[in-house]
Amino acid sequence: MYLAAQQRLAARLRAVLQQLYSVTPATLAIEQPPEIRLGEYAVPVAFELARTLRKAPRAIAAEMVAALGAVEGFASFEVAGAGYINARLDRAAAVRSLAAGVPDARAHAPGHALVEHTSINPNKAAHVGHLRNAILGDTFVRLLRATGDRVSVQNYIDNTGVQVADIVVGLENLLGLSLDGVEGWIAGLREPIDYACWDLYARTSQWYTAGSPEENAARKQLRLTTLHRLEEGGNQTAAIAERVATAIVRRHLETMLRLGIEYDLLPRESEILHLHFWDAAFAQLKEKEVLRLETAGKNAGCWVMRRAGTEPAAGEAEIDEDAKVIVRSNGTVTYVGKDIAYHLWKFGLLGRDFGYLPFFPYADHTCWITAVAGEPEHPHFGGADAIYNVIDARQSDPQANVIEAMRGLGYAEQAAHYTHFSYEMVALTPRCALELGYAVAEEDRGRAYIEVSGRKGFGVKADDLIERLLAATRAEVEARNPELGELEREQTAQQIAVGALRYFMLKFTRNTVIAFDFKDALAFEGETGPYLQYAVVRTRSIFRKAGVTPVAALAAAASPDAARYLQGEQGDSIWQVWLRAAKTGLVLQQCRETAEPAHLARHCFQLAQDFSAFYRKHHILTEEDPARKALLLATAAITEQTLVRSLAVLGMEAPDVM
RNA sequence: GCGCCCGUAGCUCAGCUGGAUAGAGCGUCCGCCUCCGAAGCGGAAGGUCGCAAGUUCGAAUCUUGCCGGGCGCACCA
């Protein structure tokens, strides 16, 4: 609603600017006044025109206000402050439009987006950092869907990398297991396999540097040999890796499902290798001369490309020492090379496809996994027109190189729609690390945070955090709602735990490092998920007692004399709720454009705050004026409806009681 | 050395296209459940927006330099 009115205002202002002064500004800033009593929109355009028109800002603003005339949805315009043009919405009309659910016009053509997130190495349990990735990615998926896109969700599985190799080295060499032995080991585990491998991975990493120099060299060599056997496939080592990595991937999907996070496809590196995606990409890269064979210098014998962000070499024969190696002198391809091939596939530009098998069932769809030989019938994957890679900020260089390669291949359009959805890491506060029993070096104790490390086994496992949240929410629900049945209590506790966790991860903007601490993550008061859920619970309690539904309350909001209840100081606190709700469409669009879910999280928090202020000031159930009571109920209803829908985008549910 | 990110209240963070008295939560202090749910609400204290120049009618926001912190810059994946 707010957005649509803003667009009408902007169009009218442009017409007036053209008519009065013959100017057509490239951008027309429309802001919000600092206080609700000043109106809903503020236009500072008179300030910039003052110099060129040789006229005082207030005089320009006054002329424009006089020329504006009537604009649909607006009550009045006025000059304010030193020369602002302030616009007031017709509050009653806005309420009617919102209550009727008139949507804002879509600002973009719907497309097919592909979002890749989670992408945890399948050799250990998921930790808090992975939770941030998956929650950000999943929320962005929901945001794209809510604004009209078709989205497929991919979780890339690096099942043939060093991290998996390390686990296999641990199994084969530290535990001395064959493939059968691994089966027995798995069967005998007293904890989930991802937890067992968390420790084994840390042990193996340590083992590489724990022996004599000669031993360590041999161990590193063993690691390399193991990696090559994984890449080749068709041997027992690869079979062990396949067995373990697949089991761990399944655990990751289970962990994420607890938070409502689902996937459509798991593309695996093993298929990128075995289906020779790289060969197809290499041919294109050579053809378009993105790669060149270096003949001298430190990279002699390698196929290299110009590194993103660097200038092309001066002469054709010039050696670019800073170039990025894509194919090593021994003929093997680097990770970035494989990534280029994979991303060509994402855009449907590779000319090859994966095989697909069903892998993990959800309530209403199936997650597929890539395979060399798949099933003949499968959904169509890939061929997206926009892609978003949810990958932490540390990987911005490799991501930039892949984009650079796309551009070099002439796929400028696709490169422009390739978004590295980057975010900062989750680290532990020293206090949290000590609390978990980790040894913290003296020099680290004074730091704000310490980076987690799977290699060192240093971090908070996702499932452990979820369990701690559940324990806390179960205790709260039990204390507050002893009358509830056990099933309902458990469901409520889960909704609150998920809400608390998701909101915690979403309230920070992407490029803020989260210094993780249980105290903050387990908070249920203040700016937290439960605060938002509580606002919804309160509205529902009102509707239970009033004996009406929110839908009915909204339908009854169209009272012709609602206008007078929306005026004055009393009216402002009612209108504040409607205005906030009206801005939701604008916020969704901003979140989409800036790929920043935090804006929506904060918007929901503000709406809940506005509702709390309204709730304190106006007593709905005892209101005697029926027309006014109808408006108050509708105000609770628009809060309920807007919050529930917006929380759904954040992946949160509100219980009926809590 | 080069590149990216960060530096706003005691702490953790918001601050959208530069704009009207710089915001929130936590913490501290004082209040509020015989009125729709206190996972709530009201109030108080607390800030040279790292520093310095510049652009502008106007800078927390843009530019440059400096200071402090973080992360990247392999023929590893």
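It should be emphasised that the depicted structure is a prediction, and the values quoted were computed from it without experimental measurement. (Residues numbered from 1 in each chain as written. Chains lettered and ligands numbered in written order. Predicted model: local features only at pLDDT ≥ 70, side-chain atom pairs only at ≥ 80, totals over all residues. Heavy atoms only, no water.)

Caption draft 1: Structural context of the packing of helix α4 (residues 91–99) against helix α23 (residues 568–582). Their axes nearest at 10 Å, the elements α4 and α23 cross at an angle of 45 degrees. Judged by the inter-axis angle, α4 sits oblique to α23. In the packing of α4 onto α23, the handedness of the crossing is left-handed. Along its contact with α4, which presents R91, A94, V95, L98 and A99, the element α23 presents G571, D572, W575, W578 and A582. Considering only residue class, the contact of α4 with α23 consists of seven nonpolar, one polar and two charged. (Axes fitted to C-alpha atoms, helices over the stretch in contact; angles between N-to-C directions. Helix = DSSP H or I, 4+ residues; strand = E, 2+ residues; numbered from the N terminus. Parallel < 35°, antiparallel > 145°, perpendicular 65-115°, else oblique. Left-handed = near helix turned anticlockwise from the far one by under 90°. Contact = heavy atoms within 4.5 Å. Nonpolar A, V, L, I, M, F, W, Y, C, P; charged D, E, K, R; others polar.)

Caption draft 2: Highlighting the layout of surface pockets. Estimates place the volume of the second largest pocket at around 700 Å³. Along its surface, the second largest pocket is lined by 27 residues, and P103, D104, T584, G585 and L588 are the ones closest to its centre. Elements that contribute at least two residues to the lining of the second largest pocket include exactly α4, α23, α24 (584–594) and α26 (626–649). No other element matches the six residues that α26 contributes to the lining of the second largest pocket. Its residues assigned to classes, the lining of the second largest pocket comprises 13 nonpolar, 10 polar and four charged. (1 Å grid on protein atoms, 1.4 Å probe; cavity = no way out; pocket = protein on both sides within 12 Å on 5 of 7 lines; lining within 4 Å. Points joined across faces, edges and corners; volume = space filled by probe spheres on them.)

Caption draft 3: Layout of the protein's contact with RNA strand B. Among the 65 residues in the neighbourhood of RNA strand B, the closest are listed as Y84, R328, T509, Y534 and Y615. Of everything in RNA strand B that lies within 4 Å of the protein, sugar and phosphate atoms constitute 64%. Residue H618 places a main-chain N or O atom 2.6 Å away from a base nitrogen belonging to RNA strand B. When residues of the surface near RNA strand B are traced back to their parent elements, those giving at least two are α2 (45–53), β3 (84–89), α17 (462–480), α20 (529–546) and α25 (598–617). Each residue belonging to the surface near RNA strand B can be placed in one class, and the counts come to 29 nonpolar, 17 polar and 19 charged. (Near = heavy atom within 4 Å. Polar contact = N/O pair within 3.5 Å; in protein donor to acceptor, adjacent residues only side chain to side chain.)

Caption draft 4: Quick look at the nonpolar core. Formed by 139 residues in total, the largest nonpolar core has its most connected members in Y263, F516 and W578. No other element matches the 10 residues that α26 contributes to this core. The residues contacting Y263, other than those within four sequence positions of it, are H117, T118, A134, V153, N155, L253, M256, Y362, H365, T366 and C367. L275, I326, A341 and W368 belong to the second largest nonpolar core, which has 40 residues in total. (Core = buried A, V, L, I, M, F, W, Y, C linked by side-chain atoms within 4.5 Å. Buried < 20%, exposed > 50% of the residue type's maximum accessible area, 1.4 Å probe, protein only.)

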